[in-house]
Amino acid sequence: MMRSDGRRRLRYWRSLAEYHGLPPTEEERVAEAAHGAAGPPEFPGDGVSRRRFLGLLGASAALAAGASCSRAERGTIVPYTKRPPEVVPGVANHYASTFQEGTSAFGVLVKVREGRPIHIEGNDEHPEFAGKTHLRAIADLLRLYDPDRLRRPLLYGKPATWAEADGRIVPLLRAAAASRGPVLLVTGAVVSPTRMAVLEDLRRVLPGLRHVAVEPLAGPGSRDAAVACFGEALTPRLRFDRADVILALESDFLGSDGQAPIAIREFVSRRRVEGRGDSMSRLWVLEAGMSVTGTNADHRLPVRPSASAAVAFALARALHEEHGIALPAGLSKEVLSAFGLDAIAGRVNAPRALLDALAADLAKAGRAALVVAGPSLPAEAHVASSLLNVMLGAEGHTVDAAAACRPAAGPATAEDLAAALREAKAGGVAAAIFWGVNPAYWLPDAALFKSAIARAPARIFIGLDRDETAEDCPIVLPEHHWLESWGDYETSEDLLSLEQPAIGPLYDTRQGEEILLGWAKALGAVVPAGYREYLKARWRREVYSAASPVPFESFWSAALHDGVLRRPAAPASPRAIRIAAVETAASAAAVEHAAPGMGLTLLLHPAVTVYDGRYANNGWLQELPDPVTTVTWGNPARLSPADARRLGLEDGDVVRLEARGRSLEVPLLVQPGQAEGTVSLALGYGRSTGSVATGVGVDAWPLMGTGSDAAGSPFLAAARLTSAGTRAETATAQMHRSMEGRDIVRSLTLARYAKAGFEQEKREPATLFPAQEFPEHKWGMAIDLTACVGCGGCVVACQSENNVAVVGPEQVRRGRAMHWMRIDRYFDGSPDNPRVVHQPMLCQQCDSAPCETVCPVNATTHSPDGLNQMAYNRCVGTRYCANNCPYKVRRFNFLEYTAAKTEPESLVFNPEVTVRPRGVMEKCTFCVQRIDDVRQRAKGEGRAVRDGEIVPACAAACPATAIVFGDLKDPTSEVSRLAASDRGYRVLEELGVKPSVTYLARLTNPAKGGDGHEG
């Protein structure tokens, strides 16, 4: 590819500056230096040289040697004199449990060492998650040990006892019960039948109770469309494993969606290619801002969200007129007459042939097609997608309403809560109770919230942290973390999952259900005092069958062991769509189609990491790079390159973003692939409480729509963007700018791979190192780039397992992020709509490791089973190894990030992995602690290590199973089979370093005549 100046343009690029051949910025040079590409940067503000730094490091080491090993601030040492019978010191226990987020409930397995949870993985017994879980579930372990957690009840900001708190609350509730006065209870979505039973028991003795189960990210469009089309507000189970063709309309089902782990696993199951004759599913994505799902598309069209409904209706018309697919009975074809592919092609700036190919793809797939609309779209887009699914026969096949998510309560939207608050403001309430929600932060109309609850005699908050809502409540009650709690969840009719505590309460807290049960009992209800007894009693009464051949206690113990209970579900016939709903939606879409907006459209969306802000105080998630932008610690507004040129804006410019009569100032990121005429902004940042969250990013919730402002969709609005005249630096993780012309990532189409003459380029390595012998094992890894979606779950799991430090935004900007594993993101093609390749990059465990030959103290050595080892107490921090590493995967901890942490933060550390002090080099070791654990167990049992028995943290977390670990000396192992694949290659193998990680080239499946790149 040639530039206009005649120089060759690289196929893969990471930034717009690199695409245009511009020199690196000063920030990029500093970041490259920190990774070892050049000399080290100076310390912020003090100009410390390498020699001076090593001198200071030696002095601090001497001081540490002379200090006491048992510092008072580390906490009290308690003798382990009464060890529980199931606990063996040094041996981990595992407990099945459940993590809830919104209407999703993730099955997890909690690893516990000496009574404290240290790591979270997926539950192998869970039929839907199949041993995988969400990255936010893994990271929520950190919240258990968050020093900002509430530790005791607070009355008007002062510590109190539970008796004192109940003494204030119960008389008010008793008076409200006697007068049948209104009591407002606001919770998150309730997917627990037993929690719902607690609420019903409380309602019986508190008749004025009004319960609003709200999820701020719940889209009213999907709910309203479901009711209009099918008469019931439910979310059907989407079966991506049955889909040959998927059309995603503004839907990030592989990224921010709550069911992403299931979607990733099922989606990849139809993309995995074992041989040249295999087929793949095809993914079409229409979206404004590039998402994780968009980066994995075979065809991606950047379009305004307002065009989605028109596109879907035009496709329905094409399916009927050009492919002979019948419309639903009673629907006239005149309803779709306003939508033609010619007009749509011009509106979305796409070739008509491409839209024809999409329609033909859907028609050919039939019932194996799946159309998915995202929660930010208005109701008409959801109706149009349902129409397509009904016409294609996907209802009952890829759209499974029989396994639908039916929450016990909710989810209501932010607008529903606003309506309840307006009623409360008008009539007053006896008490306002907020349990596990933070409307003071995410409700757009902050003044409404404050004025509505101001007149309540009791304002009560129940939660983990003293967040913005707790600040407005005189009575603050601390609840257990979910790892300290009991519970159950029913996300579908055929599945119940259990939650059990993996640790006793760390503080003087109570489970939220127990707080409500205590109030109900004080008001006269006959209920058990403890929630565990209440839960067991309901299960004995409503879940356990008297005809069961096993006693209840055995049944209960088995359910706790597995974490899930499977039940038969009644089959359901495919749903029939209501014609009136289609006619109404088509009329609304036709009006928008006839007069499309010409200004900027703002799209508000959840962050993949901190979600709606509930995880904003979690350093692991704040520092996890966004899969698309690689930005950490913030939420810049994303604008297309064309719009940036038109407005005269650049990366880092602070802009004033105006929408719905409100404005905020936010840094700008020029994002390749952003739809022209749109600006995207992530929610969940700009918190005002929490030692980690405060001041990070900007609060975008005030730009959400409520009332008349929410017409269409609260997530979409007309916007105006102007320069604020200042600049702000974003903390971007991927700063090393170029592949230097080397063959690091490889991508090709399925059609090219299937050709008989296809062969990958092989480069003969040149080396002076003698061949190495491995007597027993040679550990290696294989990573399938086709399967990897770039979600980042492996990065969080590695951080949790290996005590990897959080360094903060300033250090990230200087290139000093400590992640042992990163997901590199490469663009391919035009900046207006590039393709994307994700590549997990970690220590390659080279046989002829260049880092080992330059270490002056022999801190990095090679083991007999092929691991590049690190002796941390021997490292003196010369950084020669980082300079010599071609993969830039070695991390130097410039500052004291972890070693000085005290309880409770230090309880999260894995005792099987060294907590490194300042001044040493860190890197991936293939989770050597897990290798040794399995090897020792196999030796004790007198057997060999089985293939697949050792699973590093990254591989265990990967929902796509893109990472495979094993013994390369075993020719029958899975990793050996993948290493011998004709798609396999090793990064920079031409250097002769002999890496032990094999990458499988990424395959895409563009439609014939589409825009797939032949790589």
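Computed from a prediction, not measured in an experiment: that's the story for all the values here.

Draft legend 1. A look at unusual backbone geometry. In this chain, E903 is followed by P904 through a cis amide linkage whose omega measures 10 degrees. In this fold, P904 is placed in the loop between strand 35 (891-892) and strand 36 (921-922).

Draft legend 2. Focus on the pairing of strand 13 (residues 369-373). Along strand 13, five of the five residues are buried, which leaves the element largely enclosed by surrounding structure. Residues A369, V371 and A373 point to one face of strand 13 and L370 and V372 to the other, with burial holding for every one of them.

Draft legend 3. Region of interest: helix 20 (residues 531-543). Inspection of helix 20 places Y531, Y534, L535, K536, R538, W539 and V543 among the buried residues, and these make up the whole buried set. Turning to helix 20, the residues buried within the fold contact helix 7 (193-205), strand 18 (487-492), strand 19 (495-499), helix 19 (512-522), helix 21 (552-562) and strand 20 (564-566).

Draft legend 4. Quick look at the sheet that holds strand 2 (residues 93-101). Across the sheet, which stays open at both edges, the three strands sit in the order 2-3-4 with antiparallel pairing between neighbours. A single partner strand is all that each edge strand has here, and the edge strands are strand 2 and strand 4 (116-122). On average, adjacent strands in this sheet sit at an angle of 35 degrees to one another, irrespective of strand direction. Both strand 3 (residues 104-113) and strand 4 contribute to a ladder of six bridges, which runs antiparallel. Pairing of K111 across the sheet is with H119, part of strand 4.

Draft legend 5. A look at the packing of aromatic side chains. Enumeration over the complete set of coordinates arrives at 19 aromatic pairs. With a centroid separation of 6.0 Å and an interplanar angle of 25 degrees, the aromatic rings of F99 and F106 are classed as stacked. Considered together, F99 and F106 belong to a single accessibility category, that of buried residues. With a centroid separation of 5.6 Å and an interplanar angle of 85 degrees, the aromatic rings of W539 and W556 are classed as edge-to-face.

Draft legend 6. Layout of the nonpolar core. Within the largest apolar cluster, 169 residues are counted, with the highest numbers of intra-cluster contacts made by L657 and F926. Apart from the residues within four sequence positions on either side, F926 is in contact with W779, G780, M781, L842, C843, Q845, L867, I931, P952, F965 and V997. Counting 58 residues, the second-largest nonpolar core is a separate cluster that includes V348, L354, L355 and A1007.

Draft legend 7. Summary view of the environment of T584. Within the secondary structure, T584 is located in helix 22 (residues 579-594). The spacing of T584 and A766 is 182 residues in sequence and 69 Å in space, taken between C-alpha atoms.

Draft legend 8. Expanded view of the pattern of salt bridges. For the structure on display, the rule yields 63 salt bridges. Note that D982 and R276 form a salt bridge whose closest N and O atoms lie 3.0 Å from each other. Taken together, the positions of D982 in the loop between helix 32 (974-979) and strand 38 (984-985) and R276 in the loop between helix 9 (260-269) and strand 11 (282-287) put the pair 706 residues apart, joining distant regions of the chain. On the accessibility criterion, R276 (25% relative accessible area) is partly exposed. The partner of R422 in a salt bridge is E415, and the shortest N-O contact between them spans 2.8 Å. Overall, the relative accessible area of 23% leaves E415 in the partly exposed class. Beyond isolated ion pairs, a larger network of salt bridges with shared partners links E128, R237, R239, D241 and E266.

Draft legend 9. Quick peek at the sheet that holds strand 6 (residues 158-159). Spatial ordering of the open sheet is given by 6-5-17-16-15-7-8, a layout of seven strands whose pairing is mixed. Each edge of the open sheet carries a strand with a single partner, namely strand 6 and strand 8 (209-213). In terms of strand pairing, strand 16 (residues 458-463) meets strand 17 (residues 475-478) through four bridges, oriented parallel. Pairing of F461 across the sheet is with V476, part of strand 17.

About the thresholds
Residues numbered from 1 in each chain as written. Predicted model: local features only at pLDDT ≥ 70, side-chain atom pairs only at ≥ 80, totals over all residues. Heavy atoms only, no water. Helix = DSSP H or I, 4+ residues; strand = E, 2+ residues; numbered from the N terminus. Buried < 20%, exposed > 50% of the residue type's maximum accessible area, 1.4 Å probe, protein only. Contact = heavy atoms within 4.5 Å. Pairing = 2+ DSSP bridges. Axes fitted to C-alpha atoms, helices over the stretch in contact; angles between N-to-C directions. Phe/Tyr/Trp six-rings, centres within 6.5 Å; stacked < 30°, edge-to-face > 60°. Core = buried A, V, L, I, M, F, W, Y, C linked by side-chain atoms within 4.5 Å. Salt bridge = Lys/Arg side-chain N within 4 Å of Asp/Glu carboxyl O.

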